[in-house]
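# What the coordinates show
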Amino acid sequence: MTARKRRVPWPAALAAAGVAVLVFAVALYEGRFVIGPIPLDAVSLTVPLALLACVPFARSRGRALITDTGLVGPALVFLGFALISVVAAGLTPETFLTFSRYLSYVLLVGALALVTRDPFARRFVMWAVAIAGTATVAYGGWWYVTTLLEVRAAAHGSAAPSMALRVVSTFQNANFYGEFLVLLIAVTGYLAVTERRIGRWVAVAMGLGAVVMLLLTYTRGSWLGLIVASAGVALCIAPRRAWVVIAAPLLAAMLSPSVQARLLSLRTIDGSAAFRLRLWRIAGAVILSSPLTGTGIGTFYQAFTEAVQRDPSLSVGFEFYGAHNSYFTLLAETGVFGGFAFMVLIFTVLRIAVRALLDGTRTVQMRLEIGTIAAGLGAFALNALTSNSFQHPQAAVFFWLLAGVLVGVVAGPPDSERDEREPAAASAAPRPARAWASIAATSLTVQAGHRVAEVLLAWWLSSATRKMLVRPPARDGEWVSSSRVAQLVLGGRPR
C-alpha cells in the first residue's frame, strides 16, 4: 500500500493563495490605479485581500497560535503617534492612505505569524516569493543583456558595462530593486537550507541569480547592509567561519571593475554622499519644526519644500526630495516619539531573530533557517539608514511579510518535533579539510587569535548588550488574545 498524501486544510490553502496573489502582484506590477482623488497601487489593493484570506485559517486554529513577540507595544505606540500626526496635519487622502498602509503592514506581520506556523503554508509562501522574485531577475537580466548589446553596437563594440546600466526590472528605481533583492536572497537562502535534492539546487540557482542582479543595481547601501547583516548572523551561528561572509563579496569586487569603483567611491564625501548629508540637514530642520506631532505621516515632500522656502540656504536644487533615511523621515512625519517607536519596532523584529540565534538549545538546522531570514531583514533595516526603504511600498511590504514568517518559524514546533536535516558535523569533514585544520591549529597566529577570541567571547557572554538581546519578550501575546479585536476576528477560546 502507498502512504496517503497529506490533505491540506482549505483555510491554510486559502491563506497561502491570498498571500501568493499579493506576492506576484506587488513584485511584477509597479503601476498605480487612480480612483477619484485616491491613487491605489498593488500593495494597497492586495494586502487587504491577503489579510481577509488569512482570517478563516486564524479562526480555524483559534487564539492558541498567538505568541509573545514584544512587537505589539512599539507597534501600537507608533500607530498612535502616526494617527495623531494625521489629525494634527489635517486628514487628506495622502495621510489617510499612508497611515492605512503602515497599519496593514503591522496586521500582515500578525497574519503571517499565524499562517506560517503551518509548514505547508510557510513553504508555499517562501516558494511564491522566490518564483516571483526570479521572474523579476529574468526580466532584469533580459533588459541588461539587450541594452548592453545595443550600447556596444552603437559604440562599435568598445563600450563596457557602467553605472548607466543599473538594473531596475519591474521596480521604479534601481535602489528600490536592490532593497527587494536582499530580501529575495534571504528567501532563496531559507529554501536552500530547508529543501532537499532538486529543490535545494533550484533555490541555490535562484539565489545566485539574485546576487548577480543585486550587483548590477549598483546599490551600495544594499550591498553593505547584506554583508554586515550576514556577518552578524554568521557570528551567531558559526563564529570561526564568519570570515567567509566578508571574503566572498571582496572577491566579487576584485572580479568586477565597476563594483570596485562603486565601493571605492565611499571614501569620498562628495557626490551622492555629500548630497545625502545635505538632505539629512533638511530632514533635521523639518523634525525641529514640529517635534511632537510631526508634519503628518506621508507628508515629508511637502514639509521638505516648506523647510527650503523658510531657509533658502538649505536648498539642494530640487523643489522636493526624500530624506534618504527612513528613520529621519518618520521622525519628521510622526514626531520624535512616533519615529522612536518605529525604530524600537524594527529593533524588536531583529531582536526576535538574534534571541533565537543565541539560543543554544536550538539545532543548527533551525538556526540556519532563522539566520537566512534575519540576514535579509537586517540588510533592509540597515539600508534604511541611507535610503527611504520603508517608504518604498513595493519593496517594504516584503520586509513585513518576512517579519511575519520569522515569527512563525521562531514560534513553530519545538526542534524535537521537526524533521531534522542538520548539516554534517565537523567530525565528518573530508580528510584534506581536517588536515588543513590540524596544520592551522599549530600556527602561533591562529593560537593567538583563539586567545583573543576567548577573551572577546567571555566579555560578550557577560555583556549587558547580550543580556538585553536574550531577555524574554514582553508578554504581549496575552494582550492580543484577550483583546476584543482578537475575539472578533479569531473567535473561540484558546485551545
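Below is a short write-up of the structure. (Residues numbered from 1 in each chain as written. Predicted model: local features only at pLDDT ≥ 70, side-chain atom pairs only at ≥ 80, totals over all residues. Heavy atoms only, no water.)

### Here's the deal with the side chain of Thr-69
In this structure, Thr-69 sits in the loop between α2 (42-61) and α3 (72-89). When its relative accessible area of 11% is taken as the criterion, Thr-69 is described as buried. Within the structure, the side chain of Thr-69 is placed 3.1 Å from the backbone nitrogen of Leu-71, a separation counted as a polar contact. Setting aside anything within four residues of it in sequence, one finds Thr-69 in contact with Thr-348, Ile-352, Val-407, Pro-473, Ala-474 and Asp-476. (Helix = DSSP H or I, 4+ residues; strand = E, 2+ residues; numbered from the N terminus. Buried < 20%, exposed > 50% of the residue type's maximum accessible area, 1.4 Å probe, protein only. Polar contact = N/O pair within 3.5 Å; in protein donor to acceptor, adjacent residues only side chain to side chain. Contact = heavy atoms within 4.5 Å.)

### Examining the packing of helix α1 (residues 10-28) against α2
α2 packs onto α1 with a crossing angle of 170° between their chain directions and a minimal axis gap of 8 Å. It follows from the interaxial angle that α1 and α2 lie roughly antiparallel. Pair α1 / α2 crosses with left-handed handedness. Within the contact between the two elements, α1 uses Trp-10, Pro-11, Ala-12, Leu-14, Ala-15, Gly-18, Val-19, Leu-22, Ala-25 and Val-26 and α2 uses Ala-42, Val-43, Thr-46, Val-47, Ala-50, Ala-53, Cys-54, Pro-56, Phe-57 and Ser-60. Among the residues making up the contact of α1 with α2, the classes are represented as 17 nonpolar, three polar and no charged. (Axes fitted to C-alpha atoms, helices over the stretch in contact; angles between N-to-C directions. Parallel < 35°, antiparallel > 145°, perpendicular 65-115°, else oblique. Left-handed = near helix turned anticlockwise from the far one by under 90°. Nonpolar A, V, L, I, M, F, W, Y, C, P; charged D, E, K, R; others polar.)

### Remarks on the side chain of Arg-122
Residue position: Arg-122 is located in helix α5 (residues 119-154). Notably, Arg-122 is buried but unbridged: the nearest opposite-charge side chain belongs to Glu-369, and the N-O separation is 5.2 Å. Only 2.4 Å separates the side chain of Arg-122 from the backbone oxygen of Thr-116, close enough to count as a polar contact. (Lys, Arg positive; Asp, Glu negative; His and termini not counted. Salt bridge = Lys/Arg side-chain N within 4 Å of Asp/Glu carboxyl O.)

### Quick notes on unusual backbone geometry
Its identity is not glycine, yet Tyr-218 carries a phi of approximately 55°, on the positive side. Its location among the elements puts Tyr-218 in the loop between α7 (197-217) and α8 (220-237). One non-glycine residue, His-324, lies in the positive phi region at around 55°. Assignment of secondary structure puts His-324 in the loop between α12 (300-310) and α13 (326-357).

### Some details on the pattern of salt bridges
Enumeration according to the criterion identifies two salt bridges in this entry. Here Glu-195 and Arg-123 are joined by a salt bridge, their closest N and O atoms 2.8 Å apart. Note that Glu-195 is positioned in the loop between α6 (174-194) and α7 and Arg-123 in helix α5, a separation of 72 residues in sequence. You can call Glu-195 buried: its relative accessible area is 7%. Accessibility expressed as a relative area gives 48% for Arg-123, which makes it partly exposed. In this structure, Asp-359 and Arg-362 form a salt bridge, with 3.6 Å as the shortest nitrogen-oxygen distance.

### With respect to helix α14 (residues 364-383)
Spanning 20 residues, α14 covers 28 Å between terminal C-alpha atoms, matching the ideal 28 Å at 1.5 Å per step. Across the 20 residues that make up α14, a large majority, 17, are buried. (Expected span 1.5 Å × (residues − 1).)

### Structural notes on a nonpolar patch on the surface
A surface patch of nonpolar side chains, amounting to about 240 Å² of accessible area, comprises Phe-24, Leu-28 and Ile-131. With respect to the helices and strands, the residue Phe-24 is situated in helix α1. (Patch = residues over 30% accessible without salt bridge, like charges linked within 9 Å, V, L, I, M, F, W, Y side chains within 5 Å. Areas by Shrake-Rupley, 256 points an atom, 1.4 Å probe, with all protein chains shown as cover.)

### Section: the environment of Tyr-105
Summarising the element assignment, Tyr-105 is placed in helix α4 (residues 93-115). Judged by relative accessible area, Tyr-105 falls into the buried class, the value being 1%. Considering only alpha carbons, one finds Tyr-105 and Ala-396, 291 residues apart in sequence, at a separation of 8.8 Å. Filtering out sequence-adjacent residues up to four positions away, Tyr-105 remains in contact with Val-43, Pro-393, Ala-396, Val-397 and Trp-400.

### Re the environment of Ala-381
As for its position among the elements, Ala-381 is in helix α14. Accessibility expressed as a relative area gives 5% for Ala-381, which makes it buried. Through-space distance from the C-alpha of Ala-381 to that of Ile-346 is 7.3 Å; in sequence the pair is 35 residues apart. Other than its neighbours up to four places away in sequence, Ala-381 contacts Tyr-327, Ile-346, Leu-350 and Phe-390.

### Focus: the environment of Leu-97
Within the secondary structure, Leu-97 sits in helix α4. Spatially, the C-alpha atoms of Leu-97 and Ile-38 are 8.3 Å apart, while their sequence positions differ by 59 residues. Apart from residues no more than four positions distant in its own chain, Leu-97 is found in contact with Ile-38, Pro-39 and Leu-40.

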